[in-house]
Amino acid sequence: MRVNSTSTTRTRAAVALTVAALAAGATAGAGPATARPQTAPAAAAPYCGAAHRIEQKLSTGTTWRMCWRYDGKAGLVLEDISYRPKGEPRPVKILNSARLGQIHVPYDDGTIEYDDLTGFDFAQGLMNLAPGECPGGTIKTVKVPDSVNETPTIKGLCTTTRSRGHAYRMQGDTANKVYQAAGKDLLVYTVNQVGWYEYMTEWRFQDDGTITMNVGATGSLSWDDYDAGDGRGWPIGKGAKAKATSHSHNAFWRLDFALDGSTRNSVEQYDSTVTAPTRGQRAPTTKTTRTKITKELAGDSRNYRWWRVVSAAGKNKDGHARSYEIVPGPSTKYPGRGYTKHDVYFTQYDKCELFASNNPGDCGRGAGTSVDRWVNGQTLKHPLVWMNIGFHHIARDEDQQPMPVHWQGFSIAPRDVTAMNPLTPAELGWQNGHWQPRR
C-alpha cells in the first residue's frame, strides 16, 4: 500500500530503530523512561548556537526568537519560542517546545493503518529544498539522526517571511484618513516524504503574536491503492475500474506552554449558551461561563466553546493575565481509535509521553502508548496541549498528478498578552479602554 523506491529500506530501518528504542527503554531526546512523576520541574530555556537559532524582526516591528533541533522521530522541533511586540520592554515567552505529535493514517477498508512519525520513518524522509521553494529566505542544513540515506545532512529547513494581506483597516471618524497595514509572518517549514506522500510541516509566526501550525499533504496517490473493489474508494482515471482507497489523516501537535517563562500555567474552558428572547426582549441573549480545568481532560470542540492557557507569572500593562487561546481549524474527527475520538487533550507533563499514538518506550505500568490513556485524573500543574485535527481523504481525479496540497491545522492566538493591538499606529495609542473623541 505505502511503497515507493525507498520505502522498503525505510520500513526495515524503522522496525530496527523501534526495536532498539524499546530495548533501551528510551526514545530520541527523551532520556531514560521512568514512571510518571507526581510533579515536573519547569524546563530550563534551551541553549542554542547560531546554527540552531531563528531570530526575525518583521517589518511591522515584532521580533520572533526560537531554537530548533531535529528529532529522529518527530522531525522538526521548535523550542524556547518568544516574541517581542513593538513597544514591549522585553520578549514574552510562549512555549518551551512545539512539534508534531503524530500523523495517524487508517485506510477505510480496514486493511492497514500507519503511525507515520513512530512507525514509518517520517523524520528520515526529510527532503532537500530548492532555493525557489524558500523565496527571500534561508535554507538551513539539517543533520538527520539515523539517516538511511548516503548523505545524512539535508538542506531541508526553510525560514522566510511572507505577507498575509491586511492586518487591519479602519477609517477615522472624520473620513479623511484610513488606517491600514499589511501583516507580516515568519514562515518556518520542512518537507518529509513518507511513501508516496510528502508532508509539508509549516509554522507561521504572525506579527500580532498568533502562531498557526499546518500540515499539508501532497506528492502522489499510490497507484498500488487503485484497488478499492469494496465500494469504499473513488474511481480515478477512465471508467470506474481503478478506485483509489479512501483514508484519513489524523494529525496531532504537542505544545508545551511556558507563558512568561513559567510552566505553571492554568487551563480554562469557555461555553456560551444562546437563549431565545423572552417577552420584552428585542433579541436573543448569550451567557458565557468559565470552567477552570484543574485535572487532565479529553476535550471536544462544539459550537460556542473554546479554551485558553493562562499565565501564572505575567500580566499585560492593563493588569490582565496573559493567555493564549486555542483556535481549532476544520476537522473531521475519526472515531475508530480511542486517541482520535477527542479534539484536544490536556495532560500533566511527563517526559516519557511524546507521541499521541504508538508512543515508544515504557511510561510505567498501565500507562499505555496513546494520549487517551494518559488522561487519568492527574492535577494539571504543568499542562501539555495535544491538538487533533483530522482530514478524511476521498481521492478525486484532480489529485493526480502531482496531488494538490490539502492542509489541516490550527492556531493559538494571544489573548491579553499586550494591552492593545501590537500593530496599533502611534497616533491611536491613546485609545485604550473607554475613550471619547478628542476635540
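Everything discussed here concerns the structure shown above.
Residues numbered from 1 in each chain as written. Predicted model: local features only at pLDDT ≥ 70, side-chain atom pairs only at ≥ 80, totals over all residues. Heavy atoms only, no water.

Caption draft 1: Expanded view of the side chain of S272. The topology assignment puts S272 in strand β16 (residues 266–275). The exposure class assigned to S272 is buried, which follows from its relative accessible area of 18%. A polar side-chain atom of S272 sits 2.6 Å from a polar atom in the side chain of T288. Leaving out residues up to four positions away in the same chain, S272 has contacts with T286, K287, T288 and Y304. (Helix = DSSP H or I, 4+ residues; strand = E, 2+ residues; numbered from the N terminus. Buried < 20%, exposed > 50% of the residue type's maximum accessible area, 1.4 Å probe, protein only. Polar contact = N/O pair within 3.5 Å; in protein donor to acceptor, adjacent residues only side chain to side chain. Contact = heavy atoms within 4.5 Å.)

Caption draft 2: Structural context of the state of the cysteines. Counted by the stated rule, this structure contains three disulfides. Two residues share a disulfide in this structure: C48 and C67, whose sulfurs sit 2.1 Å from each other. Looking down the S-S bond of the C48 and C67 bridge, the torsion is -65°, so its handedness is left-handed. Of the two residues, C48 is situated in the loop between β2 (31–32) and β3 (53–57) and C67 in strand β4 (residues 63–71); the sequence distance between them amounts to 19 residues. In this structure, C48 and C67 share a single accessibility class: buried. Here C134 connects covalently by a disulfide to C158, the sulfurs 2.1 Å from one another. Given an S-S torsion of about 85°, the disulfide between C134 and C158 has right-handed geometry. With C134 in the loop between α2 (116–119) and β8 (138–143) and C158 in strand β9 (residues 153–171), this residue pair connects regions lying 24 residues apart in the sequence. Both residues of the pair, C134 and C158, belong to the buried class. (Disulfide = S-S within 2.5 Å.)

Caption draft 3: Examining the pairing of strand β10 (residues 178–194) more closely. Counting buried positions along β10 gives 13 out of 17 residues, so the element sits mostly inside the fold. Examined bridge by bridge, β9 and β10 share 11 bridges and lie antiparallel to one another. The residue of β10 that forms the bridge with C158 is Y189. As paired strands, β10 and strand β11 (residues 197–206) are joined by 10 bridges and run antiparallel to one another. Paired with V194 across the strands is Y197, a residue of β11. As consecutive antiparallel partners, β10 and β11 are separated by two residues, and within that stretch G195 has a phi angle of approximately 60°, a positive value. (Pairing = 2+ DSSP bridges.)

Caption draft 4: Summary view of the pattern of salt bridges. Enumeration over the complete set of coordinates arrives at 20 salt bridges. For E88, the salt bridge goes to R322, with nearest N and O atoms at 3.8 Å. Separated by 234 residues along the polypeptide, E88 in the loop between β5 (75–84) and β6 (92–106) and R322 in strand β20 (residues 321–328) bring together distant segments of the chain. Considered together, E88 and R322 belong to a single accessibility category, that of buried residues. Several salt bridges converge on common partners, so that one network encompasses R164, D185, E202, R204, D207 and D208. (Salt bridge = Lys/Arg side-chain N within 4 Å of Asp/Glu carboxyl O.)

Caption draft 5: Expanded view of the pairing of β16. As paired strands, β16 and strand β19 (residues 305–315) are joined by six bridges and run antiparallel to one another. Residue Y270 lies in a different strand from β19, and its bridge partner there is W306. Two strands pair when backbone bridges link them, and β16 and strand β17 (residues 285–293) are joined in this way by nine bridges, in the antiparallel orientation. Note that in β17 the partner of V274 across the bridge is T286.

Caption draft 6: Examining the environment of Y226 more closely. With respect to the element layout, Y226 can be found in the loop between β12 (211–219) and β13 (234–235). On a C-alpha basis, the gap between Y226 and T245 in space is 6.5 Å, while along the polypeptide they are 19 residues apart. Ignoring any residue separated from it by four or fewer positions in sequence, one finds Y226 in contact with L221, I236, A242, K243, A244 and Q400.

Caption draft 7: Layout of the packing of aromatic side chains. Scanning the model with the defined rule gives 11 aromatic pairs in all. Taking 6.2 Å as the distance between ring centres and 45° as the angle between the ring planes, the aromatic pair formed by F122 and Y199 counts as tilted. Taken together, the residues span a long stretch of sequence, with F122 in the loop between α2 and β8 and Y199 in strand β11 at a distance of 77 residues. For the pair formed by F122 and Y199, the shared burial category is buried. Geometrically, the ring pair formed by Y197 and Y199 is stacked, given 6.1 Å between the ring centres and 10° between the ring planes. Grouping residues by exposure puts Y197 and Y199 together as buried. (Phe/Tyr/Trp six-rings, centres within 6.5 Å; stacked < 30°, edge-to-face > 60°.)

Caption draft 8: Just the sheet that holds β16, in detail. With antiparallel pairing, 10 strands are arranged side by side in an open sheet as β8-β9-β10-β11-β12-β23-β20-β19-β16-β17. For this open sheet the edge positions go to β8 and β17, each flanked by a neighbour on one side alone. Adjacent strand axes in the sheet meet at a mean angle of 25°, parallel and antiparallel pairs treated alike. The pairing of β11 with β12 spans nine bridges and is antiparallel. Bridging from a neighbouring strand, E202 pairs with N214 of β12. (Axes fitted to C-alpha atoms, helices over the stretch in contact; angles between N-to-C directions.)

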